[in-house]
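So the chains spell out like this:
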Amino acid sequence: EVGALADVVGADQTVTVADGSEVGYVNLDYAASAPALQYVADQIADALGQYASVHRGAGALSQITTARYESARETVRAFVRGRADDSVVFTRNTTDAINLAAHITPGEVVVLDIEHHANLVTWCAPRDGVARARVVAAAPTFAETFDALEAELSAAPAALLAVTAASNVTGEVLPIGRLASLAHRHGARILVDGAQLVPHRALSIVGSGVDYLVFSGHKLYAPFGAGVLVGRSDWLDAATPYLAGGGATAAVTLTDDGSSVDWYEGPARHEAGSPNVLGVLAIAAACDAIAEFGYEEIGWHEEALRARLVRGLDGIDGVRRLDIFGDVRDRVGIVTFVVESCRPRDVAEYLNDQHGIGVRDGKFCAHPLLTTLGHPEGAVRASFGLGTSTADIDRLIDALTGLRTKAGKS
Ligand code: PMP
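What you see as residue numbers is a count from 1 along each chain, following the sequence as written. Owing to the predicted nature of the model, reporting of local features is limited to residues with pLDDT of at least 70; listing and counting of side-chain atom pairs is limited to 80 or more, with chain, interface and lining totals taken over all residues.

The name an unreviewed UniProt entry gives the protein is Putative cysteine desulfurase, with Gordonia soli NBRC 108243 as the organism. Under the heading Catalytic activity (unreviewed entry), UniProt records this for the protein: "(sulfur carrier)-H + L-cysteine = (sulfur carrier)-SH + L-alanine". UniProt positions are given in the numbering used here, feature names are shortened, and annotations may be inferred rather than shown by experiment.

Novice: Got a minute to help me understand the sheet that holds strand β8 (residues 189-193) in this structure?
Specialist: In a beta sheet, neighbouring strands are held together by backbone hydrogen bonds and run either parallel or antiparallel to one another. A strand pair is defined by DSSP finding two or more bridges across the two strands. The helix and strand labels rest on DSSP assignments: H or I over at least four residues marks a helix, E over at least two residues marks a strand, and numbering proceeds from the N terminus. Here seven strands make up an open sheet; going across it, the order is β4-β10-β9-β8-β7-β5-β6 and the pairing mixed. At either end of the open sheet lies a strand with only one pairing partner, and these are β4 (87-91) and β6 (133-136). The average angle at which neighbouring strand axes cross in this sheet is 20 degrees, direction not considered. Both strand β5 (residues 109-112) and strand β7 (residues 160-164) contribute to a ladder of three bridges, which runs parallel. Counterpart to V111 in the pairing with β7 is A162. In this description, a line fitted to the C-alpha atoms serves as the axis of each element, helices being fitted only across the stretch in contact, and the angle between N-to-C directions of two axes falls anywhere from 0 to 180 degrees.

Novice: Which parts of the structure should I look at to understand the site of the ligand?
Specialist: Nearness is defined per residue: the C-beta atom, placed using the backbone, must lie within 6 Å of the molecule or strand. Taken together, 14 residues form the shell around the ligand, and within it N93, T94, T95, N168 and S216 come nearest. Gly is put with the polar residues, along with every residue not named as nonpolar or charged; the nonpolar set is Ala, Val, Leu, Ile, Met, Phe, Trp, Tyr, Cys and Pro, and the charged set is Asp, Glu, Lys and Arg. Partitioned by chemical class, the residues of the shell around the ligand number three nonpolar, ten polar and one charged.

Novice: Please explain the packing of helix α1 (residues 38-48) against helix α9 (residues 277-293) as it appears in this structure.
Specialist: The packing of two helices is summarised by the inter-axis angle and the distance between the axes. The contact between α1 and α9 brings their axes to 9 Å, and the two run at 140 degrees. Classified by the interaxial angle, the pair formed by α1 and α9 is oblique. When the axes of α1 and α9 are compared, the crossing they make is right-handed. Counted together, Y39, V40, Q43, I44, A47 and L48 of α1 and L278, L281, A282, A285, A286 and A289 of α9 form the full contact between these two elements. An angle below 35 degrees is treated as roughly parallel, one above 145 as roughly antiparallel, one from 65 to 115 as roughly perpendicular, and anything else as oblique. Each crossing gets its hand from how the near helix is turned against the far one by less than a right angle, where anticlockwise is left-handed and clockwise is right-handed. Residues are scored as being in contact if the C-beta atoms we place from backbone atoms lie within 7 Å.

Novice: Help me out: how do you make sense of the pairing of β5 in this one?
Specialist: Regular strands place their side chains on alternate faces of the sheet. With C-beta atoms placed from the backbone, a residue is buried if 20 or more other C-beta atoms are within 10 Å of its own, exposed if 12 or fewer are, and partly exposed between those counts. Judged by which residues are buried, β5 turns out to be covered on both faces: V109 and V111 on one side and V110 and L112 on the other are all buried. The sheet contact formed by β5 and β6 spans four bridges and is parallel. Looking across to β6, one finds that V109 is bridged to A133.

Novice: Looking at this structure, how should I read the confidence of the model for the protein?
Specialist: Close reading of the predicted structure is inappropriate where its pLDDT is low. pLDDT measures how confident the predictor is about each residue, on a scale from 0 to 100. For the protein, the mean per-residue pLDDT works out to 95, and 99% of the residues sit at or above 70. As scored by the predictor, the complex reaches a pTM of 0.97 and an ipTM of 0.99.

Encoded structure:
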């Protein structure tokens, strides 16, 4: 088990189930939003007791808050091994960060059809009236998919390859270093959607050759409302600001035909308005905590849980796990499955109502992928992390075994 620094808030909540008994709630929906670390909650409580505006005030509290906010950029940069001259831009979440990336990318973008909609429809939206996403269909193996990406990147120049580091549907981890080399070989940059990887595995921007990395605080044991884009500053500084407004402007003069604005360079250019200071400090606190206890601990903990869950599910007749690729072995704490003759929503409701187990059902904002997997109606996803115990996994397995036993009798 991981040490106290890895304790999450609310791990001992109870709920009342259908037979009237009160049971411990089992949260197996970490991939949607993970609970906050107790350490993060403590840091936020502390910051709440002492904050003022950032970047504007001359007062002591404003200066302290500004210093904390700016030092959060350095914490995040170090956490993901960013380059010294990368911009660290705080956003609302991963979706917002990818929309910012779409705003600054000067050309066509190659994407796979397995992506979360945030990294798919964002690129498919026309820019200046021109569609610019080139969507490559994933093949049954990653090796063939890699070749298909290579063919697409060689067919015509692309500005960017935008790819997930870990699937939010199956947890499969893609080889980011190889994909970065592929993109660079063909004169493209790479954007990595790290929303599902960063809570589980270390990702080094420098080590993997990543140009842009995006992720969300609320999947990384921090609360909602803040995310990040880390990456090369040239496109960011060349683009018009993502949001217009105060904080992004160095100088403004009104002219006869409107206004003349001198926008800042650096992250402030794309962070107009008062930022989510507490959300940003929460991300930095989560990075500090994870750096302290180490990703190895997370990896061991989750791998044991995953192996137990997979063994259990594979032993239940009529339960089938979903995978995208036949040749990817590396996975994070996400397992998605279907139960024969049961609608995903019915399974999820049964787990919640009868057993106090929270999972996610549906299409996981990845409709094209669910169609490719042969389940356009959706599936059930169990996802876990630091607050999950082997007892939680066993409760899920027992509950599903019970569901199948009932189905067999009816
Ligand atoms: N990408 C992936 C892989 C995700 O799993 C998610 C969240 N489900 C997102 C992007 C979007 O994240 P957010 O909702 O925080 O913007």
